[in-house]
Amino acid sequence: MKNLRKGWVSATALIVVGVLTAIQYGKVAPCLPDMMERLGISVSDGGLLMSAFALSALVMAIVGGVLIDKFGVRSIGIAGLAVSLAGNIVGLFEVPVAVLMLTRVLEGIGYGVISVCGPVVISAWYSPEKRGIASGFWGSYVGAGVLVAMVSANPLLASGTWMNMWTFALITLGIAFLLFLLFVRMPPQDERQDADVREENSEASLLKGFLAPGAVLLGLMFLLLDFGLDSFNNFSVTYLNEYLGFEYGSANLISTIGCITMILGSLVGAVVLAKSKNRGLVLLVTIVLSTACFFLQFRLEGDFMVMLVYQSIAAAIYGALPAMFYALVPEVATSRKTVGAAVAVVILGQNVGTLIGPTIVGMVVDASSWATSATVMGVVSCISIVAAVIYMKKFQK
């Protein structure tokens, strides 16, 4: 009982840290119209600001998993958050856009490290059948961080410029640093609950951890789906405001409610997955529904209620995906010593999708149309359906 309580303290603190670091990821999207006006940047430039952040998160998905397996969660988590704090501080000054992009790289380091820490800590404290709620909350941390950014954007922008959001993000990141420092712990090695991975053996190696077939397949699916998911997160407000002509407040409200349903979708998806006897089928159905939504995402046109209902339903479906990937990855690791490496592969896929998705979608919008970008998102997601069928047949539990 005491260990369970310690686990909840660590997991809860880490989930809150994840939400606070995800504000760094989500702070550009609601500010993009203001940044386009004040800095003279285009939609594709905005995509680059988002992708610069994802680039460092991508690198940390590789390096972070290795470092966590070698030096431990606490040391690497604290170091990563410190670098993010430095990047945010520099971004508060009036710097050229190129330097601002560099600060986004620094900010992404802490986000990337924390994204790997979460599944490692949760799988260590909880056995598979008890991970549902924790994995659900963890799977919603990005959506929750984006939600906080969206809700905060209206009052912050109403009283100033996008720089107000940067100040707010610095404060929340400082809180995240303190929470991680004070409360996040791993259980003793002999009390770890990640027994669903194979027993320790002399043949287990870091390379085998990275090349675990199940982890590679999950990482590929996450890449293909996050291509569209991150484009949805980053461009929804701009699509509603710039293309459909909604007032900024209305566009932001629709996206904010979408963030709420995304969180709910994450929780429901994780619980359903944990209780299902055919997890591969649950994942496949969720991916098929997401793919259908991607084809409609930037093609659908309607009034406020139509867009609100659609965005809310689509966001709930999208939200279930990360929670499912985070819950499944510890099960396909080659050993306990390589759980971090397996998680890193999946997070790598996620961050490659984050890196290339908004950039390519932004370029397609500038060169063609929003509807064409929706087609691109849907076609990319179709490949993940094939991967999900393979996963269901080979790795379903």
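The structure this text deals with has already been given above.
The rules we used
Residues numbered from 1 in each chain as written. Predicted model: local features only at pLDDT ≥ 70, side-chain atom pairs only at ≥ 80, totals over all residues. Heavy atoms only, no water. Disulfide = S-S within 2.5 Å. Buried < 20%, exposed > 50% of the residue type's maximum accessible area, 1.4 Å probe, protein only. Core = buried A, V, L, I, M, F, W, Y, C linked by side-chain atoms within 4.5 Å. Helix = DSSP H or I, 4+ residues; strand = E, 2+ residues; numbered from the N terminus. Axes fitted to C-alpha atoms, helices over the stretch in contact; angles between N-to-C directions. Parallel < 35°, antiparallel > 145°, perpendicular 65-115°, else oblique. Left-handed = near helix turned anticlockwise from the far one by under 90°. Contact = heavy atoms within 4.5 Å. Nonpolar A, V, L, I, M, F, W, Y, C, P; charged D, E, K, R; others polar. Polar contact = N/O pair within 3.5 Å; in protein donor to acceptor, adjacent residues only side chain to side chain. Salt bridge = Lys/Arg side-chain N within 4 Å of Asp/Glu carboxyl O. Patch = residues over 30% accessible without salt bridge, like charges linked within 9 Å, V, L, I, M, F, W, Y side chains within 5 Å. Areas by Shrake-Rupley, 256 points an atom, 1.4 Å probe, with all protein chains shown as cover. Phe/Tyr/Trp six-rings, centres within 6.5 Å; stacked < 30°, edge-to-face > 60°.

### Overview of the state of the cysteines
For the coordinates displayed, the defined rule picks out zero disulfides. Of all cysteine sulfurs in the structure, the one in C382 sits closest to C293, which takes part in no disulfide; the separation is 13 Å. Judged by its relative accessible area of 9%, C293 is buried.

### Some thoughts on the nonpolar core
Formed by 136 residues in total, the largest nonpolar core has its most connected members in F180, L218, M221, L283, Y318, F325 and Y391. A per-element tally of this core places helix α10 (residues 213-243) first, with 15 residues.

### Examining the packing of helix α4 (residues 73-91) against helix α8 (residues 162-183)
Relative to each other, α4 and α8 sit at 160°, their axes nearing to 10 Å. In terms of orientation, α4 and α8 fall into the roughly antiparallel class. The handedness of the crossing between α4 and α8 comes out as left-handed. Residue-level contacts link V73, R74, G77, I78, L81, A82, S84, L85, N88, I89 and G91 of α4 to M163, W166, A169, L170, L173, G174, A176, F177, F180 and L181 of α8. When its residues are assigned to classes, the contact of α4 with α8 shows 15 nonpolar, five polar and one charged.

### Details of the side chain of T172
With respect to the helices and strands, the residue T172 is situated in helix α8. Owing to a relative accessible area of 7%, T172 belongs among the buried residues under this scheme. Among the polar contacts listed, one links the side chain of T172 to the backbone oxygen of A169, at a separation of 2.9 Å. For T172, the contacting residues outside a window of four places in its chain are L20 and I23.

### Points about the environment of V376
Mapped onto the elements of the fold, V376 is located in helix α15 (residues 370-395). It is 9.8 Å that separates the C-alpha atoms of V376 and G357, two residues lying 19 residues apart in sequence. Other than its neighbours up to four places away in sequence, V376 contacts F227 and V364.

### Observations concerning the pattern of salt bridges
In this structure the tally under the stated criterion is three salt bridges. Here D34 and R38 are joined by a salt bridge, their closest N and O atoms 2.7 Å apart. Here R38 and D34 lie together in helix α2 (residues 28-39), a separation of four residues that amounts to about one turn. A salt bridge links R104 to E107, with the shortest nitrogen-to-oxygen separation between them at 3.0 Å. Linking R104 with E107, this pair stays in helix α5 (residues 97-125), spanning three residues, or about one helical turn. Classification of R104 as buried rests on a relative accessible area of 0%. On the accessibility criterion, E107 (0% relative accessible area) is buried. A single network of salt bridges, built from pairs that share partners, joins K27, R104 and E107.

### Considerations on the environment of F183
Among the structural elements, F183 can be located in helix α8. For the pair F183 and V116, spaced 67 residues apart in sequence, the C-alpha to C-alpha distance is 17 Å. Aside from chain neighbours lying at most four places away, what touches F183 is V9, S10 and A13.

### Examining a nonpolar patch on the surface
Among the surface-exposed residues, V9, L178, L181, L182 and F183 lie close enough to one another that they form a single nonpolar patch of about 420 Å² accessible area. For the nonpolar patch, the leading source of residues is α8, giving four residues. In this structure V9 comes out as partly exposed when scored by relative accessible area, which is 40%.

### Re the packing of helix α3 (residues 43-71) against α4
Two elements in contact, α3 and α4, have axes whose closest approach is 7 Å; the angle formed by their N-to-C orientations is 135°. Our classification of the angle between α3 and α4 gives oblique. Only V73, S75 and I76 of α4 make contact with α3, whose side of the interface consists of L67, I68 and F71. Residue composition of the contact of α3 with α4, by class: five nonpolar, one polar and no charged.

### Remarks on the packing of aromatic side chains
For the coordinates displayed, the defined rule picks out 17 aromatic pairs. Both rings, one in Y239 and one in Y243, keep their centres 5.4 Å apart while their planes meet at 20°; by these two values the pair is stacked. Of the two residues, Y239 and Y243 are both situated in helix α10; the distance of four residues between them amounts to about one turn of the helix. A relative accessible area of 43% means that Y243 is categorised as partly exposed. Judged by centre distance (5.1 Å) and plane angle (70°), the ring pair of F298 and W370 falls under edge-to-face. Of this pair, F298 sits in the loop between α12 (279-296) and α13 (304-328) while W370 sits in helix α15, placing them 72 residues apart in sequence.

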